[in-house]
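Spelled out from the first residue to the last, the chains are:
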Amino acid sequence: MRPLRSTLPAVTRWVAARPGIALLTGYVAELLFRLVLVRHLNFPSVHPDEDSYLVLARVLAGRPPTAIPVGEVLPGGYPLLISPALRLADDPVTAYQLIMGLNAAVNALILPLAYVALRRLGLDRRLAYVFGAVTALLPPVIFYSQFVMTDAVLPVLILAWLLCLHGWLADGPLRRRVWHAVGAGAAAGYAMATHDRGGVVVALTAAVFLGVLLLRRAPWRSTVAGLATLGLGVLGGKLLSAWLRARFGVANSDVGGFLWRGLTDPEAAQRTLTRTAGQIWYFTVSTWGIGGLAVVACLFAVFDRRAPRELRITGGVLVALLVGTALAAAAALPADGRIDDWVYARYTSYLVPSAFLVGAAVLAGSGRRVLVRTAALAAGLTVLLAGAVVLSAGSKLRDELFVLWGLPDVSFLAADWTRLNMFRATAAALVVLAAVVMVRFSGGRRVLPAIGLSLALFGAFATATITAHISVPHEKVSQDTAGTFRRDSGIGQAENVVFAWDVKGSLRDTYAFEAYEGRVWYRDPRWQPVPAEADVLVTPLPLAGQPPEAWWPGHPADWYVDRADATQNWVVWRRH
């Protein structure tokens, strides 16, 4: 303990004296930590989402269009960001590794942004740095950056958006407020171009801009600049989607239609409300209850006239975005028999850093009585949400399909990687919260650096454990399938390939990205015409004991079986 007591003050004094160098050093450390975690990841493993983003990036990199695994055009903001990797790389593995590096570089920006946010929330340089590092190490922040998915960049984008809203609303020179308003509008527009959740961000941004404009709570020129930038951002996203839709010849995703039907269907009302409660429960548990502190504090701040206007509005926006995202996702997700549908983690995870920062500010800045009261309300909210989900979903939480990838944080907290254990996960999160509050209560503000360091070590351990139990094994399955097929099939990069629908989905979806120069189609040649440009056809094997040709008994004379693999269940056909 003595070395720690002497080292920690020295480090915190160095941070206070040289914040710029400290932030750069911390950013590099965060980046290296992420790179170490993804060093073994070479193939997409979340099908068909990763494959579809990669295919969009492939086309944005100037390569020819092909089949898109999800069958519809997703928002193109994230594929546009990662598309340079597919221009630089000569093979899909290198491209995937470059994208993992790009994800890590963007995701690690949480640290400097968190530092700025905590400074605005009243923490000194040392505490802002320590708790900013904790925020950047949270499992929900890093876990999704280990896949080619929008959640690698959205937490950074949303935190920047909230900082811009706060800077625009705070008193100060007009020029600074104009730039913050422009930043808020641009961040919201890009969020919508990145994922459908961005639609909620855009709606809230427009509502705040218009409300402030009508009530004259900010210089009108700054508000108009923000609204104009927001409009241009939304228009740019629409134009990008239109361009991609023309290239692929498919429709945009119909998330809006699913959302409307989910919200207006009376029979789905209970399911939607239960899922909303489940997502907010997961959100608070995945932040070890500290995100719950933020929700309670923001709700109180909204109605506290003594609080600064910028904090009241941004706090209200944060809670509104949390509830709005959870509700929209709950209504739009299909009923596909998965346990994580009831407590889905991914869609609210982009708010984890922002909420955790607010919770850390409550922990650092509140008096003992206020802190204990806020923590008690946060714990009560968490237990109430868990009880509502258990009572409403009932046996479905045990009997439906358990998908570990969709439940990373609660599986770690419950120390159970085979099923959902809401009681143990809730208890573990509340134990962490109670321990932090008790140490803070007994030791005062002087123990805050030690609390931050302890949480940082716990976050790093949790993230590394989740990576070892989920990310690496998950990718290994895909590598054993897709990587082996690319090597053994003998199909060249420039060949045009038709995949029958019966071929294993992970293999079929991944190859649409792996074939850099060639084109891929998804067809059943037994009842759908094979494109004239096709060079290769991949089908499954027929029933046991039959020759490979038996799967396509009426095949044209110019097609023949080139090779087959009974282990992976595929047959490669070629034209004479």
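Structure first, text after, so check above.
Below you will find a few notes about this structure. Note that the structure is predicted; figures quoted are calculated from it, not measured.

## Notes on the sheet that holds strand β1 (residues 497-499)
Thought 1: Judged by pairing direction, the sheet is mixed, and its five strands sit side by side in the order β2-β1-β3-β5-β4 without closing on themselves. With partners counted over all chains shown, the strands left at the sheet margins are β2 (520-522) and β4 (559-565), one partner each. The average undirected angle you get between the axes of adjacent strands in this sheet is 25 degrees.
Thought 2: In terms of strand pairing, β1 meets strand β3 (residues 536-539) through three bridges, oriented parallel. Each residue of the ladder has a partner; that of Val-498, found in β3, is Leu-537.
Thought 3: Along the sheet face, helix α22 (residues 448-488) touches β1, β3, β4 and β5 (570-575) and points at about 35 degrees away from the line of β5.
Thought 4: Strands β1, β2 and β5 of the sheet are contacted by helix α23 (residues 505-514), whose axis makes an angle of about 150 degrees with β2.

## Some words on helix α21 (residues 422-443)
Thought 1: Here α21 spans 31 Å end to end across 22 residues, near enough to the 32 Å set by a 1.5 Å rise per residue.
Thought 2: For α21, the complete set of buried residues consists of Met-422, Ala-425, Thr-426, Ala-429, Leu-430, Val-432, Leu-433, Val-436, Val-437, Arg-440 and Gly-443.
Thought 3: Gly-444 sits one or two positions beyond α21 and adopts a positive phi of about 75 degrees.

## What about the environment of Pro-140?
Thought 1: The residue Pro-140 is located in helix α8 (residues 139-143) in this model.
Thought 2: Expressed as a C-alpha distance, the spacing of Pro-140 and Ala-152, which sit twelve residues apart in the sequence, is 9.9 Å.

## Quick notes on the packing of helix α9 (residues 154-169) against helix α11 (residues 198-215)
Thought 1: Closest axis-to-axis distance for the α9/α11 pair is 13 Å, and the angle between their directions is 0 degrees. With respect to their mutual orientation, α9 and α11 come out roughly parallel. Across from Ile-158, Trp-161, Trp-168 and Leu-169 in α9, the residues of α11 making contact are Val-201, Thr-205, Val-208, Phe-209 and Val-212.
Thought 2: When the residues that make up the contact of α9 with α11 are grouped by side-chain class, the tally is eight nonpolar, one polar and no charged.

What counts as what
All residue numbers here refer to positions counted from 1 along the written sequence of the relevant chain. The predicted origin of the model limits local features to residues at a pLDDT of at least 70 and limits the giving and counting of side-chain atom pairs to 80 or more, whereas totals for whole chains, interfaces and linings rest on all residues. To get the side-chain values, all heavy atoms of the structure are used, and hydrogens and water are removed first. Strands are labelled as partners when DSSP assigns at least two bridges between them. Where helices and strands are cited, they refer to DSSP runs of H or I of at least four residues and of E of at least two residues respectively, numbered from the N terminus. In this analysis an axis means a line fitted to C-alpha atoms, helices contributing only their contacting stretch, and an angle means the value between N-to-C directions, from 0 to 180 degrees. Here, two residues are considered to be in contact whenever any of their heavy atoms come within 4.5 Å of each other. One less than the number of residues in a helix, times 1.5 Å, gives the span that helix is expected to have. Burial classes follow relative accessibility: with a 1.4 Å probe on protein chains only, a residue under 20% of its type's maximum area counts as buried, one over 50% as exposed, and anything between as partly exposed. Angles are sorted into four bins: roughly parallel if under 35 degrees, roughly antiparallel if over 145, roughly perpendicular if 65 to 115, and oblique for all others. Three categories are distinguished: nonpolar for Ala, Val, Leu, Ile, Met, Phe, Trp, Tyr, Cys and Pro, charged for Asp, Glu, Lys and Arg, and polar for the others, with Gly belonging to the last.

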